[in-house]
Amino acid sequence: MSKLFKYFSILLITGWLLFACHASTPNVVKRPPLKVACVTFIGYRPAIIAQEKGFFKAQGVEVELSYVDYAQLQQADFSAGKYDGIGLTLGDFMILSATNPDMQAVMVVDETNGADVVVAQSDIKTVSDLKGKKLGANLGGFSEVFVTEMLKQSNLTTDDVSLVKFDALQIPQRLENNTIQAGHTWEPYLSEAVKSGGHILFTSQQTPGLILDVVAFRGETIRDRPEEIRAFVRGWLEALNYWEANIETGNAIVGKALNIPLATISLDGVNLTDLEENQQFFRSVNANSIYNTAKIYADFFIRTGNVTRIPDIKTLFNSTFLTSPS
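Since this is a predicted model, take the numbers as computed values, not measurements. (Residues numbered from 1 in each chain as written. Predicted model: local features only at pLDDT ≥ 70, side-chain atom pairs only at ≥ 80, totals over all residues. Heavy atoms only, no water.)

## Looking at the overall build of the chain
Step number 1: The number of helices and strands found in the chain is 13 helices and 11 strands.
Step number 2: If you line up the chain on its principal axes, its C-alpha atoms span 105 × 40 × 35 Å.
Step number 3: Taking the intrachain contacts of the chain between residues at least 6 apart in sequence as the baseline, contacts between residues at least 24 apart amount to 80%.
Step number 4: Of the accessible surface of the chain, which amounts to about 16000 Å², a share of 53% is contributed by carbon and sulfur atoms.
Step number 5: Across the chain, 28 positive and 35 negative side-chain charges occur, with their mean positions spaced 8 Å apart. (Helix = DSSP H or I, 4+ residues; strand = E, 2+ residues; numbered from the N terminus. Contact = heavy atoms within 4.5 Å. Areas by Shrake-Rupley, 256 points an atom, 1.4 Å probe, with all protein chains shown as cover. Lys, Arg positive; Asp, Glu negative; His and termini not counted. Charge placed at Lys NZ, Arg CZ, Asp CG, Glu CD.)

## Points about the sheet that holds strand E2 (residues 63-68)
Step number 1: One open sheet holds the six strands; their spatial order is E2-E1-E3-E10-E4-E11, and the pairing between them is mixed. Looking at the sheet topology across the chains shown, the edges are occupied by E2 and strand E11 (270-272). The mean inter-strand angle of the sheet, taken between neighbouring strand axes irrespective of direction, is 25 degrees.
Step number 2: Relative to E2, strand E1 (residues 34-39) runs parallel, the two being bridged by six bridges. (Pairing = 2+ DSSP bridges. Axes fitted to C-alpha atoms, helices over the stretch in contact; angles between N-to-C directions.)

## Structural notes on unusual backbone geometry
Step number 1: Backbone torsion omega between Glu187 and Pro188 reads 5 degrees, so that peptide bond is classified as cis.
Step number 2: Tracing the chain through its elements places Pro188 in the loop between strand E8 (182-185) and helix H8 (189-195).
Step number 3: A positive phi angle is found at Asn155, which is not glycine, with a value near 60 degrees.
Step number 4: Counting through the fold element by element, Asn155 comes out in the loop between helix H6 (142-153) and strand E7 (162-165).
Step number 5: Residue Asn259 is not a glycine yet carries a positive backbone phi of 55 degrees.
Step number 6: Tracing the backbone through its elements, the reader meets Asn259 in the loop between helix H11 (247-258) and E11.
Step number 7: A residue is classified by how much of its surface remains accessible, and Asn259, at 69% relative accessible area, is exposed. (Buried < 20%, exposed > 50% of the residue type's maximum accessible area, 1.4 Å probe, protein only.)

## Some details on the nonpolar core
Step number 1: Grouped together as the largest cluster of nonpolar side chains are 97 residues, with contacts concentrated most on Phe93, Met94, Phe232 and Phe317.
Step number 2: With 10 residues, helix H10 (residues 226-245) is the single largest residue contributor to this core.
Step number 3: Judged by nonpolar contacts, the second largest core, of eight residues, contains Val119, Ile171, Leu190 and Ala193. (Core = buried A, V, L, I, M, F, W, Y, C linked by side-chain atoms within 4.5 Å.)

## Describing the pairing of E7
Step number 1: With four bridges connecting them, strand E6 (residues 134-137) and E7 associate as parallel partners. Note that in E7 the partner of Leu135 across the bridge is Leu163.
Step number 2: The parallel pair E6 and E7, bridged by H6, forms a crossover whose chirality is right-handed. (Right-handed = clockwise from strand over helix to strand, strands pointing away.)

## Thoughts on H11
Step number 1: The terminal C-alpha atoms of H11, which comprises 12 residues, lie 16 Å apart, in line with the 16 Å expected from a rise of 1.5 Å per residue.
Step number 2: The set of residues buried in H11 consists of Gly250, Asn251, Ile253, Val254 and Gly255.
Step number 3: In this structure, the buried residues of H11 make contact with helix H2 (46-52) and H10.
Step number 4: Count one or two residues on from H11 and you reach Asn259, which has phi positive near 55 degrees. (Expected span 1.5 Å × (residues − 1).)

## Considering the packing of H6 against helix H13 (residues 290-303)
Step number 1: The N-to-C vectors of H6 and H13 enclose an angle of 90 degrees; their axes lie 11 Å apart at closest approach. With respect to their mutual orientation, H6 and H13 come out roughly perpendicular. On H13, the residues that touch Phe142, Glu144, Val145 and Thr148 of H6 are Tyr297, Phe300 and Phe301. (Parallel < 35°, antiparallel > 145°, perpendicular 65-115°, else oblique.)

## Re the side chain of Thr207
Step number 1: In this structure, Thr207 sits in the loop between strand E9 (199-203) and strand E10 (212-218).
Step number 2: Look past the residues within four positions of Thr207 in its chain and what remains in contact with it is Phe146, Glu149, Gln153 and Phe202.

## Some words on the packing of H10 against H11
Step number 1: One way to put it is that H10 packs onto H11 with a least axis distance of 5 Å and a crossing angle of 120 degrees. In terms of their interaxial angle, H10 and H11 are classed as oblique. Taking contact as the criterion, the partners of Tyr242, Trp243, Glu244 and Ala245 in H10 are, on H11, Ile247, Thr249, Gly250, Asn251, Ile253 and Val254.
Step number 2: Its residues placed into classes, the contact of H10 with H11 shows six nonpolar, three polar and one charged. (Nonpolar A, V, L, I, M, F, W, Y, C, P; charged D, E, K, R; others polar.)

## Observations concerning empty space enclosed by the protein
To find the voids left in a structure, one rolls a probe of water-molecule size over its atoms.
Step number 1: Applying the stated criterion across every chain yields a total of one cavity of 30 Å³ or more.
Step number 2: Roughly 240 Å³ of internal volume is contained in the largest cavity.
Step number 3: Along its surface, the largest cavity is lined by 27 residues, and Val39, Ala71, Asp92, Phe142 and Trp186 are the ones closest to its centre.
Step number 4: No other element matches helix H4 (residues 71-79), which puts three residues into the lining of the largest cavity.
Step number 5: Looking at side-chain class alone, the lining of the largest cavity contains 14 nonpolar, eight polar and five charged residues. (1 Å grid on protein atoms, 1.4 Å probe; cavity = no way out; pocket = protein on both sides within 12 Å on 5 of 7 lines; lining within 4 Å. Points joined across faces, edges and corners; volume = space filled by probe spheres on them.)

Dropping the structure here:
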C-alpha cells in the first residue's frame, strides 16, 4: 500500500509541475510581417538589399516586400488595406492622403536629380518642339507636376500639348508606335526607350528638390507597431550604407531579385537620403523641408481639380522614427 501511495504521489507531483510550467509560459503571438509595397524605381531598392542581407531581421522586424509596376494599382491596394506601408513619390502621397488621411510619411528615401526623365522621339530636339504633340505622363500625380514644370521652363503650358495618361513602363512602346511623341519615365524603361530610338529631352536635374520619394504607413500600423516601423527604418538605412559602399554587390542583389539587367541599375541621378539628410528634410524651418515641397504639390492638385481638399500638411509627416542606432 505504501509503495502504491508513493507511486501515485510522484505522478501527482509530476503532473502538477508540468501544468505549472506550462501555465507560467507566456503565450507569444507572432506578429505578421510588415507588408510594404513599392514601385520599381531605384530609390526604393535598398529595401531589397535589407531583405536579402538580413538587415530587417537583424533589427527585429519581419518584412514582406512587394514591387509593382503600376503605381495606381499599388495605391488602390494600399487604400483597400492590402499593405501596411507604401513607397511612393511625395506628390502621389499627397494625392493618396486626400482619401487616406490617416497615414503618415516616416522617411524620405531619395531625391531625384536626373533619374526621372522625359524621353522623346528623335525629331523632338527641344521641349519647345513638343508644341502640338502628345506627351505621356501619369496624370493626377507627381508626373503631371514634373512635366508641367518642364513646359513652364520653356514658356509653354499644358494647353500647348496633348497630355496622355500612361505609366512609366508604357512609355517605350507608346513612343515606338507613335501614340505619343514624348513621355515621362525612368529606368529600366528608359533604356528600353533609348534602344528603340528615343533620346533624353529633360531630366529632374533641371527641377532640383521637386521629386522626393517617401515611405509611408497607415495610422493604425504606426499606433500599433511603432517599434517595428523604427526597426524597418534602421534596416533600410543600413542597407543604403551597404549599397553605397558595395555598389557592384548591391547591384547584383537588386538585379537578381527583380530579374532585370545590371546595365539598367545605376545610382546616377538619384540621391539616396541618409539619416542626417532625412532629419534635415523633416525640419520645417529649412528651405528645402518636406513640408514646403508638399505644399507645392497640394496647391497644384487643388488648383487643377485633382482633389478638393488635402489634410493639414503638418499631420502627414512623422519624424519620430528617424533615430540614431543605439
